[in-house]
Amino acid sequence: ILNVEQSPQSLHVQEGDSTNFTCSFPSSNFYALHWYRWETAKSPEALFVMTLNGDEKKKGRISATLNTKEGYSYLYIKGSQPEDSATYLCAFTNNDMRFGAGTRLTVKP
Amino acid sequence: DAGITQSPRHKVTETGTPVTLRCHQTENHRYMYWYRQDPGHGLRLIHYSYGVKDTDKGEVSDGYSVSRSKTEDFLLTLESATSSQTSVYFCAISGGGADTQYFGPGTRLTVL
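Attention here is on the structure that accompanies the text. This is a predicted model, so every value here is computed, not measured.

Rules used in this analysis
Residues numbered from 1 in each chain as written. Chains lettered and ligands numbered in written order. Predicted model: local features only at pLDDT ≥ 70, side-chain atom pairs only at ≥ 80, totals over all residues. Heavy atoms only, no water. Contact = heavy atoms within 4.5 Å. Buried area = accessible area lost by both parts, 1.4 Å probe. Salt bridge = Lys/Arg side-chain N within 4 Å of Asp/Glu carboxyl O. Polar contact = N/O pair within 3.5 Å; in protein donor to acceptor, adjacent residues only side chain to side chain. Helix = DSSP H or I, 4+ residues; strand = E, 2+ residues; numbered from the N terminus. Core = buried A, V, L, I, M, F, W, Y, C linked by side-chain atoms within 4.5 Å. Buried < 20%, exposed > 50% of the residue type's maximum accessible area, 1.4 Å probe, protein only. Disulfide = S-S within 2.5 Å.

**What about the interface of chain B and chain A?**
With 18 residues of chain B in contact, the opposing surface of chain A contributes 20 residues. At the boundary of chain B with chain A, total buried surface from both sides reaches about 1,400 Å², with 64% on carbon and sulfur atoms. Looking at the side of chain B facing chain A, the largest losses of area belong to Leu-43, Ala-98 and Phe-103 of chain B, adding up to 33% of the total buried there. For the pair chain B and chain A, the number of links is one salt bridge. Residue Arg-98 of chain A is joined to Glu-59 of chain B by a salt bridge in which the shortest nitrogen-to-oxygen separation is 3.9 Å. At the junction of chain B with chain A, the criterion picks out two residue pairs in polar contact (both at pLDDT 80 or more). If you list the elements that add at least two residues to the side of chain B that touches chain A, you get β4 (31–38) and β5 (42–51) of chain B.

**Structural notes on the nonpolar core**
One finds Phe-21, Leu-33, Trp-35, Leu-75, Tyr-88 and Leu-105 of chain A to be the most contacted residues of the largest nonpolar core, which totals 23 residues. Elements that contribute at least two residues to this core include exactly β2 (10–14), β3 (19–24), β4 (32–38), β5 (45–50), β7 (62–67), β8 (72–77), β9 (86–93) and β11 (103–108) of chain A. Looking at which element gives the most residues to this core, the answer is β9 of chain A, with four residues. By size, the runner-up hydrophobic cluster in this structure holds 19 residues, among which are Ile-4, Val-19, Met-32 and Tyr-64 of chain B.

**Brief notes about the environment of Val-60 of chain B**
Inspection of the secondary structure puts Val-60 of chain B in the loop between β6 (54–57) and β7 (65–70). Sequence separation of Val-60 of chain B and Arg-36 of chain B is 24 residues, and the distance between their C-alpha atoms is 8.7 Å.

**Description of the state of the cysteines**
Following the criterion strictly, the structure yields two disulfides over all chains and no others. Linked covalently through their sulfurs, Cys-23 of chain A and Cys-90 of chain A form a disulfide whose S-S length is 2.0 Å. Between Cys-23 of chain A and Cys-90 of chain A, the S-S torsion sits near 75°, and that sign places the bridge as right-handed. Highlighted residues: Cys-23 of chain A in strand β3 and Cys-90 of chain A in strand β9, separated in sequence by 67 residues. Of the two residues examined, Cys-23 of chain A and Cys-90 of chain A, each falls in the buried class. In this model, Cys-23 of chain B is linked to Cys-91 of chain B through a disulfide, with the two sulfur atoms separated by 1.8 Å. What sets the handedness of the Cys-23 of chain B and Cys-91 of chain B disulfide is the S-S torsion sign, and at about -70° it is left-handed. Here Cys-23 of chain B is found in strand β3 (residues 19–25), whereas its partner Cys-91 of chain B is found in strand β9 (residues 87–94), with 68 residues between them in sequence.

Here it is, written out as structure tokens:
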């Protein structure tokens with residue numbers, strides 16, 4: 001597996017702003033793409049797993065899309081809240097799982 | 001919680017000493033994983049197991065060995081710890097394939 005890239009590395013937004021970040025991954029031999037939410041001093045917590053091109057998943061104010069042909073996934077947060085502050089990791093699976101370095105989101109009240 | 005524990009949770013050791021970290025699960029999942037987490041690198045896979053006595057190397061396996069003698073336990077051993085192995089180590093479990101991985105609470109290891 002080649003590298004999984006996430007951008008931006010960090011992001012600061014105001015409460016109420018909507019935001020999105022990107023995960024880029026190798027488009028060949030795709031199997032699954034995972035998003036995790038990781039709060040400081042805790043363990044990564046699964047948000048979504050997507051396997052099909054065009055997949056869209058939603059959980060409350062957070063949603064994700066997947067484009068396997070071009071090798072990217074977007075994570076969207078609508079109306080950010082301070083409790084959304086965390087690092088958001090994506091992980092690409094074919095034979096094993098490779099994680100990106102994450103996007104650290106800080107939401108200011 | 002997915003029923004994963006790690007022990008110890010914190011350890012400080014000296015260069016050259018052996019260290020073993022334990023991951024224990026109560027979920028009967030087939031796959032178990034060891035990752036290390038370092039600033040700027042996210043999570044990197046060290047080794048994983050797809051069944052009892054079945055293990056394989058991950059991205060950063062040099063200097064580490066693993067063993068899985070029963071479904072519920074996956075041990076990570078640093079035969080001779082080095083300062084570059086100072087890190088936070090996470091264990092994870094899954095059913096395999098595209099299944100979500102569930103993570104343990106992590107072990108903070110400091111090698112002086």
